[in-house]
Amino acid sequence: GAVVSQHPSWVICKSGTSVKIECRSLDFQATTMFWYRQFPKQSLMLMATSNEGSKATYEQGVEKDKFLINHASLTLSTLTVTSAHPEDSSFYICSARDPVKGANQPQHFGDGTRLSIL
Amino acid sequence: SQQGEEDPQALSIQEGENATMNCSYKTSINNLQWYRQNSGRGLVHLILIRSNEREKHSGRLRVTLDTSKKSSSLLITASRAADTASYFCATEVGGSRLTFGEGTQLTVNP
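Conventions and cut-offs
- Residues numbered from 1 in each chain as written.
- Chains lettered and ligands numbered in written order.
- Predicted model: local features only at pLDDT ≥ 70, side-chain atom pairs only at ≥ 80, totals over all residues.
- Heavy atoms only, no water.
- Contact = heavy atoms within 4.5 Å.
- Buried area = accessible area lost by both parts, 1.4 Å probe.
- Salt bridge = Lys/Arg side-chain N within 4 Å of Asp/Glu carboxyl O.
- Helix = DSSP H or I, 4+ residues; strand = E, 2+ residues; numbered from the N terminus.
- Disulfide = S-S within 2.5 Å.
- Buried < 20%, exposed > 50% of the residue type's maximum accessible area, 1.4 Å probe, protein only.

Q: What is the right way to read the interface of chain A and chain B from this model?
A: Each side of the interface is counted separately: chain A has 20 residues, and chain B has 22 residues. A combined buried area of about 1700 Å² lies between chain A and chain B, and 50% of that area is made up of carbon and sulfur atoms. Per-residue buried area on chain A facing chain B is highest for Ser43(A), Asn104(A) and Phe109(A); these three make up 31% of the total on that side. Where chain A packs against chain B, one counts three salt bridges. Residue Asp111(A) is joined to Arg41(B) by a salt bridge in which the shortest nitrogen-to-oxygen separation is 3.3 Å. Put simply, the parts of the chain that give the side of chain A that touches chain B at least two residues each are strand 4 (32-38), strand 5 (44-51) and strand 9 (90-96) of chain A.

Set out below in structure tokens:
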């Protein structure tokens, strides 16, 4: 079945570092991918919709200059957390759906990236 | 903000018992989806139910949808310790964008 791969699974870095997270669709082309953030014991909050070949759409309250999204190919979207600070520590998850299969299809989620900023 | 509300927030049962989780939402939807998340992992899709469907089954899972009450339920029958996880409902309004409920933490005790 369709699979979404996310890398890395875990990052620990110093405050001020920029961190890039990759999300790949392995056996389908994803014109749209979604990025979520999840704090401990909470639900997923949609951060942005990544659109291949165009600008990402950010949810209200999400800083686009802080969370840079690039969707340069039909199988890869990247989220870069720029100048990360401890409050950016969270679990980041991406998802995508195979557009060929039409509407009313589930999303496929990556395994998530645990980001810890010291 | 989250569209969905789930209850209970936490549920603890014994193996073999049934577990029921409920989800409510606020707007008209295309479909409602249930996902499972093991601790520290991504989400796994369980069942998708369309807005014109009322009930769906998959193995030990049964999902109902009542669009007049804007609510859904997930029933896990004959629960196992391996069913321990967080369960989320998510609604799709359009454009494949999902809005997640708050989730139910299910613990199945052996």
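Q: I would appreciate a short explanation of the state of the cysteines in the present structure.
A: By definition, a disulfide links the sulfur atoms of two cysteine residues through a covalent bond. Tallied over the entire structure, the rule returns two disulfides over all chains. Sulfur-sulfur distance for the disulfide between Cys23(B) and Cys89(B) comes to 2.0 Å. Taking the sign of the S-S torsion, about 70 degrees here, the bridge from Cys23(B) to Cys89(B) comes out right-handed. Of the two residues, Cys23(B) sits in strand 3 (residues 19-24) while Cys89(B) sits in strand 9 (residues 85-92), which places them 66 residues apart along the sequence. The same class applies to Cys23(B) as to Cys89(B), namely buried. No disulfide involves Cys13(A); its sulfur sits 18 Å from that of Cys94(A), the nearest cysteine.

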